[in-house]
Amino acid sequence: MTDLNKKTVFVSPREMQKQQEFINLIKTVLAAKYPSSAPKAFVHTYGCQGNVADSERIKGMLSQMGYVFTEDKHEADFVLFNTCAIREHAEDRVFGNVGALKPVKNEKKDMIIALCGCMMQQEHVSERIRKSYPYVNLVFGTFATHRFPELLYSVLRNKKRVFDVREDGPIIAEGMPVYRDSDFKAWLPIMYGCNNFCSYCIVPYVRGRERSRTPESVIAEAKEIIAFGAKEITLLGQNVNSYGKNSDFGVNFPKLLKMINELDGDFKIRFMTSHPKDCTKELLDTMAQCKKVARHLHLPFQSGNNRVLREMNRGYTREQYLELINYAKAVMPDISITSDIIVGFPGETKEEFEDTLSLIREVKFTSLFTFIFSAREGTKAQKMEDPVPYSEKSKWFSELLKVQEGIACERSRNMLGKTYTVFVEGTTKENDGRLTGRTDGSINIDFPGDESLIGTYVNVKVTNALNWILSGEICE
Ligand code: 5AD
Ligand code: SF4
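The structure displayed is predicted, hence computed values, not measured ones.

**Q** What exactly am I supposed to notice about the pairing of strand E2 (residues 40-45) here?
**A** Looking along a regular strand, one sees side chains alternate from face to face of the sheet. Relative to strand E3 (residues 68-69), E2 is paired through 2 bridges, and the arrangement is parallel. Among the inter-strand pairings, Ala41 is bridged to a residue of E3, identified as Phe69. Remark: the E2/helix H2 (residues 49-65)/E3 crossover connection has right-handed handedness. The sheet contact formed by E2 and strand E4 (residues 78-83) spans 5 bridges and is parallel. Bridged to Thr45 within E4 is Asn82.

Pasting the structure below:
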């Protein structure tokens, strides 16, 4: 039986120092190997922000080793895919892209190819890589991120393949360097792993038991982020609401939010993901009181039907979920709520799916992340009877999107003519002289503007609402 209450083990400073020494050794090796120009690394991240945050640490180490980053894998000396195992589709993409690296490596024989992240923590995957992808040099799982320098050194020195996919238990490694992808918004992991074992989900198997960083470490990183000028900090965890459980530092998630809210500086705090089972009125009251916390709550409900929720092992009912939402709306009338939904859980009937539709109509979410159930090896749901064909689930899925589209259009119409403070995140994909920004409630608005505004807050009046796509213009 999995022990959910195991104490967190912090990787010792001595071990971290040893890894730093491997970084220095690699730097010397690379300087000799690439005397005229710095070696190039290509890092691609699949999946959630937790993976993005891990990649930023790996990139921190690569940067200290002397690598510079490239977006073109053909010119890279080191290629890393940080993988995601959440759904079959995500895994298929990784296998496809690893397959496509074979001819690239044939052109550039001393390229090092590495794979890490959640997929690698599954035995059947690492074995498949071992057998069918011999040109992959290094494979390491989610527990080995801090050992990356030692592993890479071993590849460089011994010219042999290295696999490190052991499960280390509830460990936390502090002190890795971070190479942040953005100057103006930052990811801040506050906890790792998950103890919930929702019956469909692979995460507890590949990320291990829930464990929290100390409030001191979190606050120190938040201060560092504020000091370099970032305007948005997103606190990350599979279930941030259970921050501090099984720890003896006596700080729960609402308390941590307050501590960060009290730090000096002009910044916003976001967080994800909250589990409804552990979302308390204390948290919602805290959000309402804290000026720096964005008025946005991502609260995945997965299904609107109580039988399905029970089978999913979610630990709450539809009624309890709605009570939380109503409380959130009462204490924060301008709150924007988003959610995750799974369509076609094994055994779900059309009538039960209709309960999901009615919940969507009732709550009127800002946006939804919707998924068709994907069977994951080793989970309880994989073994459940699943009589509804995929084609039928797809029809339900389309129906759901249509209902949500109607809700989003109505919300967009209500926003017409109103002015919102928007955080400018970048240029639009079309690169047509327009910028894209997000409101406090995480709603995107496009508008004409100069690139120098990226990373700042501007007021934008909504002038056009095409379906759910909003555009506007800057106003004073
Ligand atoms: N199939 C489909 N969707 C899944 N999710 C997690 N596991 C699965 C699965 N096996 C979805 C859930 C979760 C989001 C991150 O991914 O909705 O909240
Ligand atoms: Fe998966 Fe449930 Fe944990 Fe989220 S809370 S990571 S859905 S097991």
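**Q** Please explain helix H13 (residues 350-363) as it appears in this structure.
**A** Within an α-helix, residues lying three or four positions from one another point in the same direction, as the helix has 3.6 residues per turn. With 14 residues, H13 extends 20 Å from end C-alpha to end C-alpha; this agrees with the ideal 20 Å at 1.5 Å per step. Residues of H13 that are buried include every one of Glu352, Phe353, Thr356, Leu357, Leu359, Ile360 and Val363, and no others. One face of H13 carries all of its buried residues, which in axial projection span an arc of 160°. Contacts made by the buried residues of H13 are with helix H11 (306-311), helix H12 (318-331), strand E15 (336-343), strand E16 (367-372) and helix H14 (390-415). In the stretch just after H13, Lys364 is the one whose phi turns positive, near 55°.

**Q** Before we go on, may I ask you to explain the site of ligand 2 in this structure?
**A** Inspection of the region around ligand 2 gives Cys194, Asn196, Phe197, Cys198, Tyr200, Cys201, Val203, Pro204, Gln238, His275 and Arg314 as its neighbouring residues. Each residue belonging to the shell around ligand 2 can be placed in one class, and the counts come to 7 nonpolar, 3 polar and 1 charged.

**Q** When you look at the domain arrangement of the chain in this model, what are you seeing that I'm missing?
**A** Accessible area lost during the coming together of the parts is what is often quoted as the interface size. Its domain assignment divides the chain into domain 1 (9-171), domain 2 (182-294), domain 3 (297-415) and domain 4 (416-474). Computed over C-alpha atoms, the centres of domain 2 and domain 4 are 27 Å apart. Both faces combined, the contact of domain 2 with domain 4 buries some 790 Å², and carbon together with sulfur accounts for 50% of it. Considering only the surface of domain 2 that becomes buried against domain 4, Phe184, Glu232 and Arg270 emerge as the three largest contributors, covering 57% of it. Note that Lys268 is salt-bridged to Asp440, the shortest N-O span being 3.1 Å. Counting across the domain 2 and domain 4 interface gives 5 residue pairs in polar contact (both at pLDDT 80 or more).

**Q** I keep staring at the sheet that holds strand E19 (residues 444-448) and nothing clicks. Help me out?
**A** Two strands in a sheet stick together by hydrogen bonds in their backbones, pointing the same way (parallel) or opposite ways (antiparallel). Reading around the barrel, the 5 strands line up as E17-E18-E19-E21-E20 and close back on themselves, with mixed pairing between neighbours. Adjacent strand axes in the sheet meet at a mean angle of 55°, parallel and antiparallel pairs treated alike. Looking at chain direction, strand E17 (residues 419-427) and strand E18 (residues 434-439) are connected through 5 bridges and run antiparallel. Its bridge partner lying in E18, Val422 is registered against Thr439. Along the sheet face, H14 touches E17, E19, strand E20 (457-466) and strand E21 (469-475) and points at about 120° away from the line of E20.

**Q** How should the packing of H12 against H13 be read in this particular structure?
**A** Think of two packed helices as two axes; the pair is described by the angle between the axes and how far apart they sit. In contact at an axis separation of 11 Å, H12 and H13 are set at 10° when each is read in the N-to-C sense. It follows from the interaxial angle that H12 and H13 lie roughly parallel. Between H12 and H13, the contacting residues are Arg318, Tyr321, Leu322, Ile325 and Lys329 on the first element and Asp355, Ser358, Leu359, Glu362 and Val363 on the second.

**Q** Please clarify how the site of ligand 1 should be interpreted in this entry.
**A** In the vicinity of ligand 1, the contacting residues are Ile86, Arg87, Tyr200, Gln302, Asp340, Ile342, Phe371, Ile372, Phe373, Ser374 and Arg376. Between Tyr200 and ligand 1, the recorded distance is 3.1 Å, taken from a backbone N or O atom to a nitrogen atom. A distance of 2.8 Å is found between a nitrogen atom of ligand 1 and a backbone nitrogen or oxygen belonging to Ser374. Contributions of two or more residues to the shell around ligand 1 are made by E15 and E16. When its residues are assigned to classes, the shell around ligand 1 shows 6 nonpolar, 2 polar and 3 charged.

**Q** Whenever I open this one, unusual backbone geometry confuses me. Can you help?
**A** Among all residues save glycine, negative phi is the norm, and among peptide bonds the norm is trans. A cis amide bond links Met272 to the next residue, Thr273, at an omega of 0°. As for its placement among the helices and strands, Thr273 is situated in the loop between strand E13 (268-272) and helix H10 (281-289). For Phe197, which is not a glycine, the phi torsion comes out positive at approximately 50°. Turning to its location among the elements, Phe197 is positioned in the loop between strand E10 (191-192) and helix H7 (203-207). The backbone phi angle of Gln302 is positive, close to 70°, even though this residue is not glycine. As for its position among the elements, Gln302 is in the loop between strand E14 (296-298) and H11.

The rules behind these values
- Residues numbered from 1 in each chain as written.
- Chains lettered and ligands numbered in written order.
- Predicted model: local features only at pLDDT ≥ 70, side-chain atom pairs only at ≥ 80, totals over all residues.
- Heavy atoms only, no water.
- Pairing = 2+ DSSP bridges.
- Helix = DSSP H or I, 4+ residues; strand = E, 2+ residues; numbered from the N terminus.
- Right-handed = clockwise from strand over helix to strand, strands pointing away.
- Expected span 1.5 Å × (residues − 1).
- Buried < 20%, exposed > 50% of the residue type's maximum accessible area, 1.4 Å probe, protein only.
- Arc of directions from axis to C-beta.
- Contact = heavy atoms within 4.5 Å.
- Near = heavy atom within 4 Å.
- Nonpolar A, V, L, I, M, F, W, Y, C, P; charged D, E, K, R; others polar.
- Domains from an automatic or database assignment.
- Buried area = accessible area lost by both parts, 1.4 Å probe.
- Salt bridge = Lys/Arg side-chain N within 4 Å of Asp/Glu carboxyl O.
- Polar contact = N/O pair within 3.5 Å; in protein donor to acceptor, adjacent residues only side chain to side chain.
- Axes fitted to C-alpha atoms, helices over the stretch in contact; angles between N-to-C directions.
- Parallel < 35°, antiparallel > 145°, perpendicular 65-115°, else oblique.

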